[in-house]
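# Structure assessment
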Amino acid sequence: MHSRFRSDRRLTTRMGITLFLLGLLYVGFVAALIVLLKSWVLVVVVAAALLGAQYWFSDRVALYAMRGRVVEREEYPGLHGVVDRLCAVADMPKPVVAVSEMDMPNAFATGRNPDHAVVCVTTGLLRRLEPAELEGVLAHELSHVAHKDVAVITVASFLGVIAGLIVRFAFYSQLFGGARRDQNTAAIFAAVMGVAAAVYAISFLLIRALSRYRELAADRAAALLTGRPSALASALTKVSGDIARIPTEDLRTAQAFNAFYFTPALGREPGVARLFSTHPSLEQRLDQLGRISAELGEAAAPGRG
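If you're wondering where the values come from, they're calculated on a predicted model, not measured in any experiment. (Residues numbered from 1 in each chain as written. Predicted model: local features only at pLDDT ≥ 70, side-chain atom pairs only at ≥ 80, totals over all residues. Heavy atoms only, no water.)

### Section: the UniProt feature "binding site: Zn(2+)" (unreviewed entry) in the protein
- UniProt's feature table lists "binding site: Zn(2+)" (unreviewed entry) at His140, His144 and Glu215, given in the numbering used throughout. A maximum C-alpha distance of 8.3 Å among these annotated residues, which run over 76 residues, shows that they cluster at one spot.
- Among the structural elements, His144 can be located in helix H5 (residues 131-147).
- Assessed through its relative accessible area of 1%, His144 is described here as buried.
- What His144 contacts, discounting residues up to four positions off in sequence, is Asp149, Val150, Arg214, Glu215 and Ala218.
- Turning to its location among the elements, Glu215 is positioned in helix H7 (residues 183-226).
- Discounting residues that sit within four places of it in the chain, Glu215 has contacts with His140, His144, Ala259, Tyr261, Phe262, Thr278, His279, Pro280 and Arg285. (UniProt positions renumbered as here; feature names shortened; annotations may be inferred. Helix = DSSP H or I, 4+ residues; strand = E, 2+ residues; numbered from the N terminus. Buried < 20%, exposed > 50% of the residue type's maximum accessible area, 1.4 Å probe, protein only. Contact = heavy atoms within 4.5 Å.)

### Comments concerning the sheet that holds strand S3 (residues 107-113)
- Ordered in space as S1-S2-S4-S3, the four strands form an open sheet in which the pairing is mixed. Looking at which strands have only one partner, the edges of the open sheet turn out to be strand S1 (68-70) and S3. Neighbour to neighbour, the strand axes of the sheet diverge by 25° on average, direction disregarded.
- As judged from the six bridges shared by S3 and strand S4 (residues 116-122), these two strands associate in the antiparallel manner. Bridge pairing in S4 links Gly111 to Ala117.
- Sitting on the sheet, helix H3 (residues 77-90) is in contact with strand S2 (96-100) and S4, with an inclination near 140° to S2. (Pairing = 2+ DSSP bridges. Axes fitted to C-alpha atoms, helices over the stretch in contact; angles between N-to-C directions.)

Below, the structure is given as C-alpha coordinates:
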(Lines give C-alpha, C1' and ligand atoms only; values in the text may rest on other atoms or scores of the structure.)
Protein backbone atom coordinates (compact mmCIF):
# COMPACT_ATOMS: atom_id res chain seq x y z
CA MET A 1 0.00 0.00 0.00
CA HIS A 2 1.48 3.33 -1.08
CA SER A 3 -0.28 6.44 0.15
CA ARG A 4 0.07 9.90 -1.34
CA PHE A 5 1.87 11.14 1.76
CA ARG A 6 5.32 12.27 0.70
CA SER A 7 7.76 9.41 1.28
CA ASP A 8 10.83 10.13 3.39
CA ARG A 9 13.89 8.00 2.70
CA ARG A 10 15.77 9.49 5.61
CA LEU A 11 12.97 8.42 7.95
CA THR A 12 12.97 4.91 6.48
CA THR A 13 16.75 4.71 6.86
CA ARG A 14 16.61 5.91 10.44
CA MET A 15 13.91 3.40 11.29
CA GLY A 16 15.99 0.59 9.81
CA ILE A 17 19.16 1.61 11.64
CA THR A 18 17.28 2.02 14.92
CA LEU A 19 15.69 -1.42 14.67
CA PHE A 20 19.05 -2.97 13.71
CA LEU A 21 20.87 -1.44 16.68
CA LEU A 22 18.05 -2.32 19.03
CA GLY A 23 18.17 -5.86 17.66
CA LEU A 24 21.84 -6.11 18.62
CA LEU A 25 20.96 -4.83 22.06
CA TYR A 26 18.17 -7.37 22.25
CA VAL A 27 20.60 -10.25 21.68
CA GLY A 28 22.81 -9.09 24.52
CA PHE A 29 19.80 -8.46 26.71
CA VAL A 30 18.39 -11.95 26.18
CA ALA A 31 21.76 -13.35 27.28
CA ALA A 32 21.45 -11.33 30.49
CA LEU A 33 17.94 -12.66 31.07
CA ILE A 34 19.14 -16.22 30.64
CA VAL A 35 21.82 -15.64 33.27
CA LEU A 36 19.22 -14.23 35.63
CA LEU A 37 16.44 -16.78 35.10
CA LYS A 38 18.69 -19.77 34.27
CA SER A 39 16.24 -21.00 31.66
CA TRP A 40 16.53 -20.07 28.00
CA VAL A 41 13.13 -21.64 27.27
CA LEU A 42 11.43 -19.39 29.85
CA VAL A 43 13.25 -16.33 28.51
CA VAL A 44 12.22 -17.01 24.90
CA VAL A 45 8.61 -17.72 25.81
CA VAL A 46 8.22 -14.67 28.05
CA ALA A 47 10.02 -12.29 25.65
CA ALA A 48 8.05 -13.53 22.63
CA ALA A 49 4.76 -13.30 24.51
CA LEU A 50 5.43 -9.74 25.68
CA LEU A 51 6.62 -8.59 22.25
CA GLY A 52 3.62 -10.17 20.57
CA ALA A 53 1.25 -8.62 23.07
CA GLN A 54 2.74 -5.17 22.60
CA TYR A 55 2.67 -5.46 18.81
CA TRP A 56 -0.87 -6.86 18.51
CA PHE A 57 -2.58 -5.02 21.36
CA SER A 58 -0.68 -1.73 21.54
CA ASP A 59 -3.65 0.19 20.12
CA ARG A 60 -6.03 -1.14 22.78
CA VAL A 61 -3.53 -0.52 25.57
CA ALA A 62 -2.92 3.06 24.45
CA LEU A 63 -6.65 3.78 24.15
CA TYR A 64 -7.34 2.31 27.57
CA ALA A 65 -4.47 4.20 29.22
CA MET A 66 -5.56 7.52 27.74
CA ARG A 67 -9.27 6.94 28.39
CA GLY A 68 -10.02 6.85 24.69
CA ARG A 69 -13.06 5.22 23.13
CA VAL A 70 -14.05 4.43 19.57
CA VAL A 71 -16.68 6.85 18.23
CA GLU A 72 -19.05 6.41 15.32
CA ARG A 73 -19.92 8.94 12.63
CA GLU A 74 -23.30 9.72 14.21
CA GLU A 75 -21.61 10.94 17.38
CA TYR A 76 -18.75 12.96 15.81
CA PRO A 77 -19.73 13.62 12.16
CA GLY A 78 -17.31 16.52 11.75
CA LEU A 79 -14.33 14.54 12.99
CA HIS A 80 -15.18 11.57 10.78
CA GLY A 81 -15.67 13.91 7.85
CA VAL A 82 -12.15 15.33 8.17
CA VAL A 83 -10.61 11.86 8.50
CA ASP A 84 -12.61 10.61 5.48
CA ARG A 85 -11.47 13.54 3.37
CA LEU A 86 -7.80 13.18 4.32
CA CYS A 87 -7.81 9.43 3.74
CA ALA A 88 -9.37 9.94 0.31
CA VAL A 89 -6.74 12.54 -0.61
CA ALA A 90 -3.93 10.38 0.78
CA ASP A 91 -5.34 7.18 -0.80
CA MET A 92 -5.04 5.16 2.40
CA PRO A 93 -7.41 3.00 4.49
CA LYS A 94 -9.46 4.87 7.06
CA PRO A 95 -8.28 4.14 10.60
CA VAL A 96 -10.55 3.63 13.57
CA VAL A 97 -11.54 7.02 14.99
CA ALA A 98 -11.47 7.52 18.74
CA VAL A 99 -11.93 10.35 21.24
CA SER A 100 -10.41 10.73 24.69
CA GLU A 101 -12.34 12.65 27.34
CA MET A 102 -9.36 14.75 28.36
CA ASP A 103 -9.06 18.50 28.58
CA MET A 104 -5.39 18.37 27.56
CA PRO A 105 -5.34 19.23 23.83
CA ASN A 106 -3.56 16.44 22.00
CA ALA A 107 -3.82 13.60 19.51
CA PHE A 108 -2.04 10.35 18.75
CA ALA A 109 -2.01 7.45 16.32
CA THR A 110 -1.29 3.83 17.12
CA GLY A 111 -1.62 0.42 15.51
CA ARG A 112 0.55 -2.21 13.87
CA ASN A 113 -0.13 -1.20 10.23
CA PRO A 114 -2.37 1.07 8.10
CA ASP A 115 -5.11 -1.56 8.03
CA HIS A 116 -5.16 -1.84 11.82
CA ALA A 117 -4.66 1.72 13.02
CA VAL A 118 -6.37 4.08 15.42
CA VAL A 119 -6.33 7.87 15.40
CA CYS A 120 -7.45 9.45 18.66
CA VAL A 121 -8.02 13.09 19.58
CA THR A 122 -8.90 14.58 22.94
CA THR A 123 -12.03 16.60 23.59
CA GLY A 124 -9.71 19.42 24.64
CA LEU A 125 -8.21 19.47 21.16
CA LEU A 126 -11.60 19.42 19.43
CA ARG A 127 -12.80 22.32 21.54
CA ARG A 128 -9.78 24.53 20.90
CA LEU A 129 -8.95 24.10 17.21
CA GLU A 130 -10.46 25.60 14.10
CA PRO A 131 -11.39 23.15 11.28
CA ALA A 132 -8.25 23.89 9.22
CA GLU A 133 -6.06 23.43 12.31
CA LEU A 134 -7.73 20.13 13.16
CA GLU A 135 -7.19 18.97 9.59
CA GLY A 136 -3.46 19.70 9.94
CA VAL A 137 -3.20 17.75 13.19
CA LEU A 138 -5.09 14.76 11.79
CA ALA A 139 -2.95 14.80 8.63
CA HIS A 140 0.12 14.73 10.89
CA GLU A 141 -1.20 11.66 12.73
CA LEU A 142 -2.26 9.89 9.53
CA SER A 143 1.23 10.39 8.11
CA HIS A 144 2.63 8.44 11.07
CA VAL A 145 0.34 5.57 10.06
CA ALA A 146 1.24 5.83 6.36
CA HIS A 147 4.99 5.97 7.09
CA LYS A 148 4.59 2.96 9.45
CA ASP A 149 6.73 4.66 12.06
CA VAL A 150 4.02 4.11 14.67
CA ALA A 151 4.62 0.36 14.47
CA VAL A 152 8.39 0.87 14.57
CA ILE A 153 8.19 3.03 17.70
CA THR A 154 5.93 0.44 19.32
CA VAL A 155 8.37 -2.39 18.64
CA ALA A 156 11.41 -0.24 19.49
CA SER A 157 9.98 0.75 22.85
CA PHE A 158 9.54 -2.93 23.77
CA LEU A 159 13.20 -3.42 24.63
CA GLY A 160 13.30 -0.40 26.91
CA VAL A 161 10.16 -1.53 28.70
CA ILE A 162 11.53 -5.03 29.31
CA ALA A 163 14.91 -3.65 30.42
CA GLY A 164 13.17 -1.44 32.94
CA LEU A 165 11.12 -4.38 34.24
CA ILE A 166 14.15 -6.62 34.63
CA VAL A 167 16.03 -3.93 36.56
CA ARG A 168 13.13 -3.75 39.00
CA PHE A 169 12.86 -7.51 39.24
CA ALA A 170 16.57 -7.95 39.90
CA PHE A 171 16.55 -5.14 42.43
CA TYR A 172 13.67 -6.50 44.49
CA SER A 173 14.91 -10.06 44.15
CA GLN A 174 18.27 -9.01 45.55
CA LEU A 175 16.64 -6.85 48.21
CA PHE A 176 14.36 -9.54 49.60
CA GLY A 177 16.48 -12.60 48.92
CA GLY A 178 19.98 -11.26 49.36
CA ALA A 179 20.55 -12.93 52.70
CA ARG A 180 20.16 -16.37 51.11
CA ARG A 181 22.63 -15.78 48.29
CA ASP A 182 26.39 -16.16 48.22
CA GLN A 183 28.77 -13.47 47.05
CA ASN A 184 29.11 -14.84 43.53
CA THR A 185 25.35 -14.85 42.96
CA ALA A 186 25.10 -11.31 44.25
CA ALA A 187 27.81 -10.27 41.80
CA ILE A 188 25.89 -11.89 38.93
CA PHE A 189 22.73 -10.03 39.92
CA ALA A 190 24.63 -6.77 40.06
CA ALA A 191 26.05 -7.45 36.58
CA VAL A 192 22.60 -8.23 35.20
CA MET A 193 21.21 -5.00 36.66
CA GLY A 194 24.10 -3.09 35.12
CA VAL A 195 23.52 -4.63 31.68
CA ALA A 196 19.78 -4.02 31.85
CA ALA A 197 20.31 -0.42 32.93
CA ALA A 198 22.75 0.14 30.06
CA VAL A 199 20.32 -1.44 27.58
CA TYR A 200 17.54 0.78 28.85
CA ALA A 201 19.69 3.93 28.56
CA ILE A 202 20.86 3.13 25.02
CA SER A 203 17.39 2.19 23.80
CA PHE A 204 16.03 5.35 25.41
CA LEU A 205 18.47 7.53 23.45
CA LEU A 206 17.93 5.66 20.16
CA ILE A 207 14.16 5.97 20.44
CA ARG A 208 14.39 9.68 21.27
CA ALA A 209 16.58 10.32 18.20
CA LEU A 210 14.15 8.48 15.92
CA SER A 211 11.08 10.03 17.55
CA ARG A 212 12.29 13.60 17.03
CA TYR A 213 12.95 13.07 13.36
CA ARG A 214 9.69 11.25 12.74
CA GLU A 215 7.77 14.22 14.15
CA LEU A 216 9.48 16.57 11.70
CA ALA A 217 8.76 14.09 8.90
CA ALA A 218 5.09 13.95 9.91
CA ASP A 219 4.83 17.75 10.01
CA ARG A 220 6.39 17.98 6.57
CA ALA A 221 4.19 15.26 5.05
CA ALA A 222 1.02 16.76 6.56
CA ALA A 223 1.85 20.27 5.36
CA LEU A 224 2.50 19.06 1.81
CA LEU A 225 -0.63 16.89 1.70
CA THR A 226 -3.00 19.60 2.93
CA GLY A 227 -1.14 22.48 1.25
CA ARG A 228 -1.67 24.57 4.39
CA PRO A 229 1.45 24.51 6.57
CA SER A 230 0.31 27.70 8.29
CA ALA A 231 -2.77 25.91 9.68
CA LEU A 232 -0.58 23.19 11.17
CA ALA A 233 1.78 25.83 12.57
CA SER A 234 -1.18 27.60 14.16
CA ALA A 235 -2.35 24.34 15.74
CA LEU A 236 1.14 23.62 17.06
CA THR A 237 1.43 27.06 18.62
CA LYS A 238 -2.02 26.90 20.17
CA VAL A 239 -1.70 23.36 21.55
CA SER A 240 1.82 23.85 22.90
CA GLY A 241 0.83 27.07 24.62
CA ASP A 242 -2.23 25.53 26.24
CA ILE A 243 -0.33 22.45 27.43
CA ALA A 244 2.36 24.65 28.96
CA ARG A 245 -0.28 26.24 31.16
CA ILE A 246 -1.44 22.90 32.59
CA PRO A 247 0.13 22.15 36.02
CA THR A 248 2.99 19.66 35.69
CA GLU A 249 1.46 17.28 38.23
CA ASP A 250 -1.62 16.97 36.02
CA LEU A 251 0.55 15.99 33.05
CA ARG A 252 2.54 13.21 34.69
CA THR A 253 0.19 10.41 33.70
CA ALA A 254 0.18 11.54 30.08
CA GLN A 255 3.96 11.92 29.86
CA ALA A 256 4.46 8.15 29.61
CA PHE A 257 2.91 8.36 26.12
CA ASN A 258 4.79 11.42 24.88
CA ALA A 259 6.42 9.49 22.02
CA PHE A 260 2.98 8.98 20.46
CA TYR A 261 1.52 12.45 21.01
CA PHE A 262 1.19 15.28 18.51
CA THR A 263 2.81 17.57 21.10
CA PRO A 264 4.63 16.36 24.23
CA ALA A 265 2.94 16.83 27.61
CA LEU A 266 5.53 19.16 29.11
CA GLY A 267 4.78 21.77 31.75
CA ARG A 268 5.92 25.38 32.08
CA GLU A 269 9.46 24.54 33.14
CA PRO A 270 10.55 21.29 31.46
CA GLY A 271 14.21 21.87 32.39
CA VAL A 272 16.42 18.86 31.64
CA ALA A 273 13.36 17.01 30.31
CA ARG A 274 13.55 19.18 27.19
CA LEU A 275 16.96 17.68 26.37
CA PHE A 276 15.46 14.18 26.35
CA SER A 277 12.14 15.13 24.76
CA THR A 278 10.54 12.80 22.25
CA HIS A 279 9.80 15.81 20.03
CA PRO A 280 11.88 18.56 18.42
CA SER A 281 11.40 22.01 19.87
CA LEU A 282 8.41 24.10 18.86
CA GLU A 283 10.82 26.55 17.24
CA GLN A 284 12.28 23.82 15.01
CA ARG A 285 8.86 22.64 13.92
CA LEU A 286 7.60 26.14 13.18
CA ASP A 287 10.78 26.99 11.30
CA GLN A 288 10.36 23.96 9.04
CA LEU A 289 6.70 24.79 8.40
CA GLY A 290 7.67 28.36 7.62
CA ARG A 291 10.10 27.17 4.95
CA ILE A 292 7.49 24.86 3.43
CA SER A 293 4.97 27.70 3.40
CA ALA A 294 7.45 29.86 1.51
CA GLU A 295 8.14 27.07 -0.98
CA LEU A 296 4.45 26.59 -1.63
CA GLY A 297 3.84 30.31 -1.88
CA GLU A 298 1.09 29.87 0.67
CA ALA A 299 1.06 33.46 1.91
CA ALA A 300 0.36 34.76 -1.54
CA ALA A 301 -2.21 32.17 -2.43
CA PRO A 302 -5.81 33.37 -2.24
CA GLY A 303 -8.11 31.65 0.23
CA ARG A 304 -5.28 30.23 2.32
CA GLY A 305 -4.87 31.06 5.99
